Amino acid sequence: MSRGIRTGCLLLLLLWSLGGGQAMAMGMGGFGSPDPTLAGPVIAPGPLTAPMRLTLAGGQRILATDYNAQVVVEVNPSRPDRPRRLFTVSGHPLGIAENGTAVFVGNDTTGTIDVFGRRGRKVASIAVAEPMQASDLEFDRRRRQLFVVDGRNPRVRIFSVNRLHAREIFSFGGFGQLVAPKGLALDSRAREVYVSDYGDPAVGVSASIQVFDFSGRHLRTLTGPFSRPQGLVLAGGRLFLADALRGQVLVLDPASGDLLGTLGSYGTAPGQLLLPMDVAYDRFSRRLFVTNNRNGRITPLTVATP
Amino acid sequence: MPGLSFSRVILQAACVALVTLVATPGHALLAAHDCSFCHDLHGAPGTNLLSYTDTEVLCLSCHATAIGTTEAAAVHNPALVNSDQPGYITCRECHNPHDNVVNSQGTTNIELVGFTFDPATGQRFAEARIREELVTGYGPYRPVEFADRTQFNIDNTYPGRGACQVCHSPNHNQGQTCTECHGANDTQHDHARGFLP
């Protein structure tokens, strides 16, 4: 065997030992790539880092919390791809609501609800005896009450709001009725509260939507083809629910929980959803706006006949 | 409150039977990770009866920072590369979702760190391992020791086997704990920031 062939064989042996051959021989992976069929979609993050909850505010604008960036952003419904930073939060913001005078933001770090004035200056902080996880908020303008899902305790808390001041008037839920509540929607006219709940499969409790009246009386349990129910909103007699795992907004019958349709699809392309967290319905543009968490965007979805 | 459904009972029984028949004791299922939370017997779109194709989304649907479930976590992506590139460290590349496994020193890891089976390559190991992964490419699978949280240390007490040392050099700030700088300036635990400074 000539020196050239011998050198070539040694070189091939060396390359084999650095690569998959070594992996097979020693049970250790070389510098090969993993199986691409097991990889998830390629994420090209948008302008936000981790958009969480959103609310429709006055003046045709959407306010949204960005959990990781610790900011509240403002989104123009006609340009949802260009969110504008409104103010920062000292901690990780969760739920958000607005009443025309103030913006209420759940603060996961401090366990409170921070109250911000119109110019984004923090003017007050709402606390209860134990730290809250104000996962979702909604303001009932008729009664001037702030409804809060407290994921940590786990219950729904109702605060009476007078200008910038708030006091808890009553709460309901707790273990036995709610397990891991996430999102909240109000039907102010029917005086009903819809609460999405992850449940706990380790103890045999499935994900569900629990419906209560405003006095805290449990009315019904909705189950359906959802597994990670997050934010929800009622519009046009339908219940729109963001399912974080499916990457879709489910359209449900609010009385029975029956699936009437779906909006959006799982993925990273424009219009697709990856870990959708919340929905808000803009009746002027007839569009749903979704916090598209892993894609870092607010994504609008057109609703045919809400 | 809805109770146990028939399909869940069947799935649970199938999983238990499977584990009993084929798994070693280290493969027992973690109580908090009920089978049906990740797997579907019927109509599962992913491999291994996973109820979703993307394991990262499956994990983050409960553990993403904003969700408020236990053990908030963010992907470790220090070089800010795309999710399909080496150096983007997603959940399954460090964790075994089924249970804690025994490491090369004979103790049991915590926080589900290390795995004995990598579905991405099909390789199996006798003890907990993590694959070295840098922006430049995928390296070998290395034994990983994480029996308690001090093993974030880079003081070479666990030479090359600490959870961070599998990929990162222990010659940087020796005697320090990685998480003192990488994520500690937050009230949340370090993983919620993806271990970034």
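Definitions and cut-offs
- Starting from 1, residues in each chain are numbered consecutively following that chain's sequence as written.
- The naming scheme follows written order: chains are lettered A onward, ligands numbered 1 onward.
- Note on the predicted model: pLDDT of at least 70 is required for a residue's local features to be given, and 80 or more for side-chain atom pairs to be given and counted; whole-chain, interface and lining totals, by contrast, use all residues.
- Excluding hydrogens and water, the side-chain values take into account all heavy atoms of the structure.
- By definition, any uninterrupted DSSP run of H or I lasting at least four residues is a helix, any uninterrupted run of E lasting at least two residues is a strand, and each is numbered from the N terminus.
- In this scheme, a residue with accessible area under 20% of its type's maximum is buried, one over 50% is exposed, and one in between is partly exposed, where area comes from a 1.4 Å probe on protein chains only.
- Whether two strands pair comes down to DSSP finding at least two bridges between them.
- Each axis is a line fitted through C-alpha atoms, and for a helix only the stretch in contact is used; angles between axes span 0 to 180 degrees, taken between their N-to-C directions.
- When two rings of Phe, Tyr or Trp (its six-membered ring) have centres within 6.5 Å they constitute a pair, described as stacked for plane angles under 30 degrees, edge-to-face for angles over 60, and tilted for the intermediate range.
- Geometrically, a lysine NZ or arginine CZ counts as sitting over a ring once it is within 6 Å of the ring centre and also within 35 degrees of the ring normal.

**Let's talk about unusual backbone geometry**
Item 1. The backbone of R144 of chain A sits at a positive phi, close to 55°, despite the residue not being glycine.
Item 2. Structurally, the position occupied by R144 of chain A is in the loop between β9 (134–140) and β10 (145–150).
Item 3. Residue class for R144 of chain A comes out exposed when judged on its relative accessible area of 52%.
Item 4. Phi at E111 of chain B takes a positive value of approximately 55°, unusual for a residue other than glycine.
Item 5. Within the fold, E111 of chain B resides in the loop between α3 (55–63) and β1 (115–118).
Item 6. Of the residues examined, E111 of chain B reaches a relative accessible area of 34% and is grouped as partly exposed.

**Here's the deal with the sheet that holds β10 of chain A**
Residue and element names in this part refer to chain A.
Item 1. Taken in spatial order, the four strands make up an open sheet running β9-β10-β11-β12, and their pairing is antiparallel. Two strands in the sheet have a free side with no partner beyond their single neighbour: β9 and β12 (165–173). Here the average twist between neighbouring strands, direction ignored, is 25°.
Item 2. Here β10 pairs with strand β11 (residues 155–162) via six bridges, running antiparallel. Within β11, the position partnered with F147 by the bridge is I158.

**Observations regarding the pairing of β12 of chain A**
All names here are of chain A.
Item 1. Note: β11 against β12, eight bridges, orientation antiparallel. Along β12, the bridge assignment pairs F159 with E168.
Item 2. The turn linking β11 back onto β12 is made up of two residues, and R163 within it adopts a positive phi angle of 55°.

**Comments concerning the pairing of β1 of chain B**
Residue and element names in this part refer to chain B.
Item 1. Sheet analysis places β1 next to strand β2 (residues 123–134), joined by three bridges and oriented antiparallel. Bridge assignment links F117 to a residue of β2, and that residue is R124.
Item 2. Between β1 and β2, which pair antiparallel in sequence order, lie four residues; one of them, G122, sits at a positive phi of approximately 80°.

**Remarks on the packing of aromatic side chains**
Item 1. According to the stated counting rule, one finds seven aromatic pairs over all chains in the structure shown.
Item 2. Ring geometry for F104 of chain A versus F139 of chain A: centroids 6.1 Å apart, planes at 5°, classification stacked. With F104 of chain A in strand β6 (residues 103–107) and F139 of chain A in strand β9, the pair connects residues that are 35 residues apart, well separated along the chain.
Item 3. Accessibility expressed as a relative area gives 13% for F139 of chain A, which makes it buried.
Item 4. Taking 4.9 Å as the distance between ring centres and 45° as the angle between the ring planes, the aromatic pair formed by F147 of chain A and F214 of chain A counts as tilted. Here F147 of chain A is found in strand β10, whereas its partner F214 of chain A is found in the loop between β15 (208–213) and β16 (218–222), with 67 residues between them in sequence.
Item 5. Exposure remark for F147 of chain A: the relative accessible area of 0% places this residue in the buried category.
Item 6. Here the aromatic cluster, defined as three or more aromatic residues joined through ring pairs, consists of F170, F172 and F212 of chain A.
Item 7. Over the ring of F117 of chain B we find R124 of chain B; its NZ or CZ atom is 4.3 Å from the centre of that ring.

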